[in-house]
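Breakdown of the fold
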Amino acid sequence: MPSAILSGRTVLVTGATSGIGYETARQLAESGGTVLVHGRTAEEARAAADRLIATVGINAGQLCAYAADFTHLDEVEAMARRVVEAHPHLDVLVNNAGMAAPERHTITADGNEIAFQVNFLAHYLLTCLLEPALTSDPGGRVVNVSSSLHRTGNIQWSDPHRTRRYSRLAAYAQSQLALTVFAADPRVTAVSVHPGICDTALLPLYAHEGTPAADGAAHVVRLCDPAVEIVNGAYYDRAERVDPAPAATENRSVQRLNKLASLLVGHTA
């Protein structure tokens, strides 16, 4: 078992039922942390927690299951309320949940392009709502699981839902760029990390083969460790800090994105 570097610390991992999210939850729990396991449904979240208890031997007291379907922003709000009530102090939020943009242009019930909402807007809203818990003590941090594909993206400010011209790769890249830009927001210390090309459901966007999800998760977990000093807005390619796309460090982009996101989620931060 790894050392208990996260003993006494509480971490919420979104999209923790499979892939990098599941492996991140496992490694965090093995390091002694209390892990809030998020899934799309209560059944999926509970099943992931049960699997960690049964197959890895994680103590049931270290795991809490939470559910919210990120295609419904009201579910994100409800989950955030439940988290803050049960855990008024949160040490780390790992914004990991993600999806490939579908072949066909798809709009959620909230009126947003689905990949933009699931990969970015839901995490924007969740982070804003969890800000009191993340900042209740110094040292709270957010780790955004982003992608090297953010470099190919651009945010269509006048048409963020890409109703005029839709391409699934462009929609996915836009969502990852937005998530990376959001890390530079000054409210909560946050970083972004590209975990490498891993063998997960998103692999077809990148390549034919990838490294195990556990390898990608290790890069995420490292950034959750309070002993690892981070700078707000920093971007990591696996273990190495590198410059993100220029847009991700422009103050104007951060402000514009904040304005756009708060409008789209109906939440004034």
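Look up a bit, the structure's there.
Residues numbered from 1 in each chain as written. Predicted model: local features only at pLDDT ≥ 70, side-chain atom pairs only at ≥ 80, totals over all residues. Heavy atoms only, no water.

Another aspect to go through is the sheet that holds strand S6 (residues 190–194). Pairing is mixed across the open sheet formed by eight strands, whose spatial order is S3-S2-S1-S4-S5-S6-S7-S8. Edge positions in the open sheet fall to strand S3 (63–67) and strand S8 (240–242), since each of these has one partner strand only. This sheet shows a mean twist of 25° between the axes of neighbouring strands, independent of strand direction. In terms of strand pairing, strand S4 (residues 92–95) meets strand S5 (residues 141–145) through four bridges, oriented parallel. Residue pairing across strands places Asn 95 opposite Asn 144, the latter belonging to S5. (Pairing = 2+ DSSP bridges. Helix = DSSP H or I, 4+ residues; strand = E, 2+ residues; numbered from the N terminus. Axes fitted to C-alpha atoms, helices over the stretch in contact; angles between N-to-C directions.)

This brings us to helix H7 (residues 251–265). Along its 15 residues, H7 runs 21 Å from first to last C-alpha, staying within 8% of the 21 Å computed at 1.5 Å per residue. Those residues of H7 not exposed but buried are Ser 253, Val 254, Leu 257, Asn 258, Leu 260, Ala 261, Ser 262, Leu 264 and Val 265. Those residues of H7 hidden inside the fold are in contact with helix H3 (73–86), helix H4 (114–134) and helix H5 (168–182). Gly 266 sits one or two residues past H7 and shows a positive phi near 65°. (Expected span 1.5 Å × (residues − 1). Buried < 20%, exposed > 50% of the residue type's maximum accessible area, 1.4 Å probe, protein only. Contact = heavy atoms within 4.5 Å.)

Okay, the side chain of Arg 9 next. By the secondary structure assignment, Arg 9 is in the segment before strand S1 (10–13). In contact with Arg 9, other than residues within four places in its own chain, are Gly 33, Thr 34, Asp 91, Val 92, Gly 139, Cys 224 and Pro 226.

Here we take up the nonpolar core. Grouped together as the largest cluster of nonpolar side chains are 44 residues, with contacts concentrated most on Leu 12, Phe 70, Phe 120, Leu 126 and Leu 130. Elements with a minimum of two residues in this core: H3, H4, H5 and H7. Here this core takes 13 residues from H4, the largest share from any one element. Once residues lying within four places of it in the same chain are set aside, the contact partners of Phe 70 are Thr 14, His 38, Val 76, Ala 97, Gln 117, Val 118, Ala 122, His 123 and Leu 126. Among the nonpolar cores identified, the runner-up in size contains 32 residues, and Tyr 22, Ala 25, Ala 213 and Val 220 belong to it. (Core = buried A, V, L, I, M, F, W, Y, C linked by side-chain atoms within 4.5 Å.)

So, to be careful, I would describe these as geometric facts and stop short of saying anything about function.
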